[in-house]
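Structural overview
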Amino acid sequence: MTLLGRVRELAVVVNVLRAAGEGRGGVLVVRGPAGIGKSALVTAAVEAAPHLHVLHATGTEFEADLAFAGLHQLCLPLLEHLDELPGPQAGALRRALGLDAGPEQVDPGLLVGAGLVNLLRAAARARPLVCVVDDVQWLDPASTGALAFAARRLEGAPVALVLVVRDDAGWGGPVQDALERLPGVRLEGLAEEDARRLLDAEVRAPLDPRVRDRIIAEARGNPLALVELPRTFGPAELAGGYGLPSADSVRSALEASFRRRLALLPPASRSFATLAAAETTGDPDLVRRAAGVLGLPADAGAPVETAELLSVGARVRFRHPLVRSVVYHAAGLADRRAIHRALAAATDPSTDPDRRAWHLAAAAAGPDEHVAAELVRCAGRAQARGGVAAAAAFLDRAAVLTPDPVERAGRLLAAAETTRAAGAPEAALELLTAAEAGDLDPVQRALAGVLRARTGFDQRRDAAAVEALLAAGRSVAPVAPGTARDVLLEAFAAATYTGRFADPGLVPRIATALRSLPVSVGPRRPAELLHDGFLSLAVHGPAAAAPLLRAGVEECLRHDAGPLRNGSLWLACSGAQSLWDEEAFLEASERQLTEVRRTGAVASLPIALSYRALAHVHAGRFDRAQALVDECHRVAAELGAPPMRYVDVTVAAWRGDEARTVELLRAGTADATARQEGRLLTALEYAHTVLLTGRGRYAEALEVCRVPVEREPATFLAWVPAEFIEAAARSGRPELAAPVLDRLRESAEAVDSDWAAGILARSTALVTPGREAEEGYRAAVEHLTRTAAVPQLARAHLLYGEWLRREGRRGEARKQLRTALERFSSLGAAGFAARAARELAATGERARSRGVAAPAGLTPQELQVARLVAGGATSREVAAELFVSPRTVDAHLRAIFAKLGITSRRQLRDLPDLPGLPGLPDEHRCVDELV
């Protein structure tokens, strides 16, 4: 890298800051190894933009387990703007920053991220804002996740976010993957000629050419190494090369340089430096109070500043993050304990109890129940703030400091469970092994077995992991029947998703284990009713299952049932589909998404978005479905979760987009097979069948659909069997359709549903010979006309028209086929539209070129804004729902007006249901119009 290249990198950073100053927003990740000049480059860029308000935060390895510690640094100067945020976001931020204990939140990450976005926007109204976060690789995961969330939502705001990351620190995980997708620049070492110039500028004494070459070679173009290495040696060493150490790496050479400089300081100054290194907030008053506790002289910090290791001003800043690490680890263990004891004594327990407890834990020389109990309380506070990883760290440390072996084993078990919840299964298993080696009572030991099975399923999600859940449920049943029921229901849900990869006898064995449990006392939970219903469906069939599923769905959707749990709502969506209850399906999917957004349960957002998208697919609102799918992909990427491809591929298949469908099928099939998720394979095969049937490739469709129909008969009852029956009938293999039609009839006749009756009548007509088929087609059209299932109604018209044409009734056929063509074209179902056009041409009528409805050019975010505004929402209400600022909503509206050729909100509300614009006031009115 030449100096000219470094200037170009500086220009990149300056341009990001300029974008913030112009109100366009900017994000940049500056990467590179230690000492390469990342912080210096960003500092130079910031100094070139004095009109910007600059905030700083720095990650430190000592606070990597303290939830939102980094966010606390960044947001502390902005607290005056908290009242400008929507209530839920302000509350989540207050809890995250430790300003308000508040009620416990379940996974408030979405609300914290949204609150951060709007807090930065609010603070930037008076003056453009730059947030510089150094050493992101050491930032706590909760803060890093919030920053990654905010980075994608600052477009159009006078805010720049510059994240400085050491990429040689062994950092990894989902958050790093999310940051990797942000705009970035990686700094490389200086070219040899530029390195020589820098070295010559720093070294005043004569420098032996061989020594110069050695330093340049070992520095590898690292500017900090070129500046620091010569400072460790005297003139004679530089002139003759004597005593020059050999470094294994640039980092080790830099650390050695800093250690030598530290060793030259007086003992009191070394203690002051260690205090500053252990006090990660950079609070100079706290450092001075702790220095007083240790009895250090008032001027103990002066030699440290003179040695250019740190500076003390409004904040304590080390010259480089490596200096902090070197200073801290250079102190002996006893000295570090004394340092942390002094910091704990100097920390106000009323304002920062968690950091005080952390210092007390670091100061403990052995077991200490007082400190351990305080750490357990810290864990509870961390969980209330959404810091699951921090809670796990507190519990882990509490267990180490617990003197009583029985209490220690229990805390290790709690730490293992929390660590699993934090997404660290390997660490959870290590803690679990330690707990199992301790004095667990019979209940705890059984619960440990449950935790091991659950963690194993987190890691593998295969048939063996499901068997382990079943075994754990049986083992815990004698001592904790309630827990056993939960575990066995988890095993059933897992078996459902494992599907074809599981032992066929697995579900009956789970059912037997559940029946052996004592009858639960009190009202049944909705989730229990639904699970029982699904078990009955798998073992006894639709007729026996329908009452249980109905009770569960109704209980989930009772308006006076209080807050709905996301798990129950997920089950409610599946239960409503199994009941062919269209109204309940639409309501459950809408309420699930609303509840997930309201509570900020970001981990549940992908599945909520997926079910709502499926509801839109059911009604033929493919643009709306795709907008939610796109949001789902963004959220899954931020969470590090697998993408929800099955809805994406379903939308592509209905649209007749073969290239995209095949691409998604290839990736999804590989993913589902690797994870042994048979249900996902079924969803993919269903989508593939829709694509092939739409294109009239019935024999291929029959082969694709054969596996899910034969091997997973209890899933997707409302979707797969009808596809198989049509493919078999159109392939001239009606005998294959007969047993599948019997199962479909059993399912449809167990409920009172126009949706079920319409699909059954259409499927029956397909395999009914002669004129008797007409009654079925007419019944299908009549039933499906009373539903929101527009694509299925259009297919009924298509099949009826095809049958009429083959009966020689061309005039009547044209009417049905025209209706089908118009509906498919308006939906954007290109494959089925082309099939209808071919059939219409075969009747002798030339189909007018309608084309498929094209999108209006709105982005997914613009689609959501248009939908909400058309429903009567104000800019502030839209902003609160979409986690953006009202100004961003207004900017989106200007773009929407320009693209749609309108000038007002009233015109937007008065528009018909345009292609690309989700229909109008739907999701704020009545259930009948939910999709």
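A short tour of the structure in this document, coming up.

Cut-offs and rules
- Residues numbered from 1 in each chain as written.
- Predicted model: local features only at pLDDT ≥ 70, side-chain atom pairs only at ≥ 80, totals over all residues.
- Heavy atoms only, no water.
- Helix = DSSP H or I, 4+ residues; strand = E, 2+ residues; numbered from the N terminus.
- Areas by Shrake-Rupley, 256 points an atom, 1.4 Å probe, with all protein chains shown as cover.
- Pairing = 2+ DSSP bridges.
- Axes fitted to C-alpha atoms, helices over the stretch in contact; angles between N-to-C directions.
- Buried < 20%, exposed > 50% of the residue type's maximum accessible area, 1.4 Å probe, protein only.
- Right-handed = clockwise from strand over helix to strand, strands pointing away.
- Salt bridge = Lys/Arg side-chain N within 4 Å of Asp/Glu carboxyl O.
- Disulfide = S-S within 2.5 Å.
- Expected span 1.5 Å × (residues − 1).
- Bend = angle between axes of the 7 residues up to and from the residue.
- Parallel < 35°, antiparallel > 145°, perpendicular 65-115°, else oblique.
- Left-handed = near helix turned anticlockwise from the far one by under 90°.
- Contact = heavy atoms within 4.5 Å.
- Nonpolar A, V, L, I, M, F, W, Y, C, P; charged D, E, K, R; others polar.
- Core = buried A, V, L, I, M, F, W, Y, C linked by side-chain atoms within 4.5 Å.

Topic: the overall build of the chain
- When helices and strands are counted, the chain shows 47 helices and seven strands.
- Accessible surface for the chain amounts to roughly 37200 Å². Of this, 54% is attributable to carbon and sulfur atoms.

Observations concerning the sheet that holds strand S1 (residues 26-32)
- With parallel pairing, five strands are arranged side by side in an open sheet as S2-S3-S4-S1-S5. The open sheet has two edge strands with one neighbour each: strand S2 (53-58) and strand S5 (184-186). Neighbour-to-neighbour, the strand axes of the sheet open up by a mean angle of 15°, direction not taken into account.
- As paired elements, S2 and strand S3 (residues 129-134) share six bridges and run parallel to each other. Paired with Ala57 across the strands is Val133, a residue of S3.

A look at the pairing of S3
- Counting buried residues in S3 gives six out of six residues, a clear majority hidden from the surface.
- Side chains of S3 alternate between two faces, with Leu129, Cys131 and Val133 and Val130, Val132 and Asp134 buried alike.
- Note: S3 against strand S4 (residues 159-166), five bridges, orientation parallel. Pairing of Val130 across the sheet is with Ala160, part of S4.
- This β-α-β element, S3 to helix H6 (residues 141-151) to S4, shows right-handed connectivity.

A few points about the environment of Glu700
- Its location among the elements puts Glu700 in helix H36 (residues 698-711).
- Glu700 sits 11 residues away from Thr689 along the chain, and the two C-alpha atoms are 8.0 Å apart.

Focus on the pattern of salt bridges
- Inspection of the entire model under this criterion finds 43 salt bridges.
- Glu374 is the partner of Arg377 in a salt bridge, and the nearest nitrogen-oxygen pair spans 2.8 Å. In this pair, Arg377 and Glu374 are both assigned in helix H19 (residues 369-384), three residues apart and thus about one turn of the helix distant.
- Judged by relative accessible area, Arg377 falls into the partly exposed class, the value being 43%.
- We classify Glu374 as buried; its relative accessible area is 15%.
- Salt-bridge contacts for Asp648 lead to Arg660; the nearest nitrogen and oxygen are separated by 2.6 Å. Separated by 12 residues along the polypeptide, Asp648 in helix H33 (residues 645-655) and Arg660 in helix H34 (residues 658-675) bring together distant segments of the chain.

Description of the state of the cysteines
- Counted according to the given criterion, the structure contains zero disulfides.
- Summary of cysteine pairing: Cys75 is not part of a disulfide, and the nearest cysteine sulfur, belonging to Cys131, is at 8.1 Å.
- Judged by its relative accessible area of 0%, Cys75 is buried.

So, helix H38 (residues 734-749)
- Counted at 1.5 Å a residue, the expected span for H38 with its 16 residues is 22 Å, and the 21 Å between its end C-alpha atoms agrees.
- Of all the bends in H38, the largest measures some 30° and sits at Val740.

Some points on the packing of helix H21 (residues 405-421) against helix H22 (residues 425-436)
- For the pair H21 and H22, the least separation of the axes is 8 Å and the interaxial angle reads 165°. Considering the angle they form, H21 stands roughly antiparallel to H22. Taken as a pair, H21 and H22 cross one another with a handedness that is left-handed. Where H21 abuts H22, its residues Ala409, Leu412, Leu413, Ala415, Ala416, Thr419 and Arg420 lie against Ala427, Ala428, Leu431, Leu432, Ala434 and Ala435.
- Grouping the amino acids of the contact of H21 with H22 by side-chain chemistry returns 11 nonpolar, one polar and one charged.

Some remarks on the nonpolar core
- With 131 residues, the main nonpolar core has Ile510, Phe585, Tyr777 and Phe824 as its most contacted residues.
- Counting residues per element, this core draws most heavily on helix H35 (residues 678-694), which supplies nine residues.
- Residues in contact with Phe585, not counting those within four places in the same chain, are Cys573, Ala576, Gln577, Tyr611, Leu614, Ala615 and His618.
- Core analysis: the second largest hydrophobic core is formed by 77 residues, Ala69, Leu120, Ala399 and Leu431 among them.

What about the packing of helix H14 (residues 284-294) against helix H17 (residues 333-346)?
- Where H14 meets H17, the closest approach of the two axes is 8 Å, and the angle between their N-to-C directions is 120°. Judged by the sense of rotation from one axis to the other, the crossing of H14 with H17 is right-handed. Contacts between H14 and H17 pair Leu286, Arg289, Ala290, Val293 and Leu294 from the former with Ala338, Ile339, Ala342, Leu343, Ala345 and Ala346 from the latter.
- Here the residues of the contact of H14 with H17 are counted per class, giving 10 nonpolar, no polar and one charged.

With respect to the side chain of Ser269
- Position of Ser269 among the secondary structure elements: in helix H13 (residues 267-278).
- Judged by its relative accessible area of 2%, Ser269 falls in the buried class.
- In contact with Ser269, other than residues within four places in its own chain, are Ala300, Pro303 and Val304.

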